[in-house]
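# Descriptive structure summary
Below, each chain spelled out in residue letters.
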Amino acid sequence: RKEVEQDPGPFNVPEGATVAFNCTYSNSASQSFFWYRQDCRKEPKLLMSVYSSGNEDGRFTAQLNRASQYISLLIRDSKLSDSATYLCVVNMATGGFKTIFGAGTRLFVKA
Amino acid sequence: GAVVSQHPSWVICKSGTSVKIECRSLDFQATTMFWYRQFPKQSLMLMATSNEGSKATYEQGVEKDKFLINHASLTLSTLTVTSAHPEDSSFYICSARDSNSGRPDTQYFGPGTRLTVL
């Protein structure tokens, strides 16, 4: 089982739609969580951190469920510019700092 | 803030040559930098953790003699791909943690270096 798992998609949605991604992690010692977006042939860029209480940034809402060991990202009112790959990232502090990336979920927003 | 640069952004080389990639934190000090490799349609795979003033820590399966890492200052880490072969062709990305920020576990990524070995 992969340490961080994501549905690879692709998710094809029309503009204005609401779309949600989930990510599960296997190590209960995981400490911090992030969503990054990566455009084609570009580096990942931090989208938002994910906290136990959840957090919202404009059209984006991230939630963390430690009991079930999953993280979610909700995008409301999708824009064409939201088309990208969304990476779930988990940090663990087991014998040293370790970051695990999910394989990413591809989103295509169409007019 | 928290800008990381990489140089070169792309490189094409002949098989057997060595290629050096630089990663710089421009506006913060980074005691730790990370080197990743990403093949098409795959996720980032951590190659090694670069620690300023000490030896890098390599992930399992990554040859330390092939991928030489030097982290000589708090703002610069270099990755040298020695005797490159076509299978080393990939997108190499570095990241750095701002040790003095309120979120030291957040990584900031460089723009990546696309290596093509002919």
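Residues numbered from 1 in each chain as written. Chains lettered and ligands numbered in written order. Predicted model: local features only at pLDDT ≥ 70, side-chain atom pairs only at ≥ 80, totals over all residues. Heavy atoms only, no water.

## A closer look at the pairing of strand S5 (residues 45-51) of chain B
Residues and elements named next belong to chain B. Across the seven residues that make up S5, a large majority, five, are buried. Strand direction decides the pairing type here: strand S4 (residues 32-38) and S5, joined by six bridges, are antiparallel. In the sheet register, Trp 35 faces S5, and the bridge partner there is Ala 48. Between S4 and S5, which follow one another and run antiparallel, lie six residues, and Lys 41 among them has a positive phi close to 65°. Examined bridge by bridge, S5 and strand S6 (residues 57-58) share two bridges and lie antiparallel to one another. Considered in S6, the bridge of Thr 49 is made with Thr 57. Here S5 hands over to S6 after five residues, with Gly 53 in that stretch at a positive phi of 80°. (Buried < 20%, exposed > 50% of the residue type's maximum accessible area, 1.4 Å probe, protein only. Helix = DSSP H or I, 4+ residues; strand = E, 2+ residues; numbered from the N terminus. Pairing = 2+ DSSP bridges.)

## Quick look at the nonpolar core
Judged by nonpolar contacts, the single largest core of 26 residues is most densely connected at Trp 35, Ile 71, Leu 73 and Tyr 86 of chain A. Contributing elements (two or more residues each) for this core: strand S3 (19-25), strand S4 (30-38), strand S5 (44-50), strand S7 (60-65), strand S8 (70-75), strand S9 (84-93) and strand S11 (105-110) of chain A. In terms of residue count, the dominant contributor to this core is S9 of chain A (five residues). Those residues in contact with Leu 73 of chain A that lie beyond four places of it in its chain are Val 19, Ala 20, Phe 21, Trp 35, Leu 47, Met 48, Phe 60, Thr 61 and Tyr 86 of chain A. Core analysis: the next-biggest nonpolar cluster, separate from the first, contains 24 residues, Val 4, Met 33, Leu 79 and Val 117 of chain B among them. (Core = buried A, V, L, I, M, F, W, Y, C linked by side-chain atoms within 4.5 Å. Contact = heavy atoms within 4.5 Å.)

## Details of unusual backbone geometry
All names here are of chain A. In the segment running from Gly 9 into Pro 10, the intervening peptide bond is cis, with an omega of 5°. Looking at the element boundaries, Pro 10 is found in the loop between strand S1 (4-6) and strand S2 (11-14). Positive phi, normally seen in glycine, also occurs at Asp 77, with a value near 50°. Along the chain, the position of Asp 77 falls in the loop between S8 and S9.

## Structural notes on the interface of chain A and chain B
Of the residues lining the interface, 18 residues belong to chain A; the matching set on chain B comes to 16 residues. Summed over both partners, the interface of chain A with chain B buries about 1500 Å², with 55% contributed by carbon and sulfur atoms. On the surface where chain A and chain B come into contact, there are zero salt bridges. Summed over the shared surface of chain A and chain B, the number is four residue pairs in polar contact (both at pLDDT 80 or more). Every element with two or more residues in the side of chain A that touches chain B is listed here: S4, S5, S9 and strand S10 (97-101) of chain A. Among the elements that line the side of chain A that touches chain B, the one with the most residues is S4 of chain A, at four residues. (Buried area = accessible area lost by both parts, 1.4 Å probe. Salt bridge = Lys/Arg side-chain N within 4 Å of Asp/Glu carboxyl O. Polar contact = N/O pair within 3.5 Å; in protein donor to acceptor, adjacent residues only side chain to side chain.)

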